[in-house]
Amino acid sequence: MTREIATSNGLGDLERAIMECLWASDEPLVVRQIAEQLEATDGKKRAYTTVMTVADRLAKKGLTSRERDGRAWRYSASATREELTAQALRETLADWGGEGQESDAVLHFLQDMSAGDVDRIKAAIAKM
């Protein structure tokens, strides 16, 4: 089952940092927890409302899900980092490739990969 995730706009620095917090967490986080983790990671103190606004924007983009916890929202990532990256690659190929050109773009991309990475991809394809 493929999940549709909005990725075409890319992620800003704070959006990416919030996603990293959510991916690193085993449980959904409230905005205050996200802000504290961001500060612990990079030493920058951000306004609660800034983190809240960006977390809300990520939910509207479909990158996070949220559930009510009293007056607060608990946020979690809607997809893994790998799923989000794959979706972004699919969108890029669809935007830049023409009819049947997606495979040509992938082949060109693979030429620059290490032999070990190519072997991992071959093994994954064999499992498919």
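Residues numbered from 1 in each chain as written. Predicted model: local features only at pLDDT ≥ 70, side-chain atom pairs only at ≥ 80, totals over all residues. Heavy atoms only, no water.

A look at the packing of aromatic side chains
Thinking step 1. Applying the stated rule across the entire model yields zero aromatic pairs.
Thinking step 2. In this structure, Arg66 is placed above the aromatic ring of Trp73, and the distance from its NZ or CZ to the ring centre is 4.1 Å. (Phe/Tyr/Trp six-rings, centres within 6.5 Å; stacked < 30°, edge-to-face > 60°. Lys NZ or Arg CZ within 6 Å of the ring centre and 35° of its normal.)

Some remarks on the packing of helix α2 (residues 31-42) against helix α3 (residues 48-60)
Thinking step 1. α3 packs onto α2 with a crossing angle of 110° between their chain directions and a minimal axis gap of 9 Å. If you check the angle between α2 and α3, you find them roughly perpendicular. Touching Val31, Arg32, Ile34, Ala35 and Leu38 of α2 are Tyr48, Val51 and Met52, all from α3.
Thinking step 2. Among the residues forming the contact of α2 with α3, the class breakdown is seven nonpolar, no polar and one charged. (Axes fitted to C-alpha atoms, helices over the stretch in contact; angles between N-to-C directions. Helix = DSSP H or I, 4+ residues; strand = E, 2+ residues; numbered from the N terminus. Parallel < 35°, antiparallel > 145°, perpendicular 65-115°, else oblique. Contact = heavy atoms within 4.5 Å. Nonpolar A, V, L, I, M, F, W, Y, C, P; charged D, E, K, R; others polar.)

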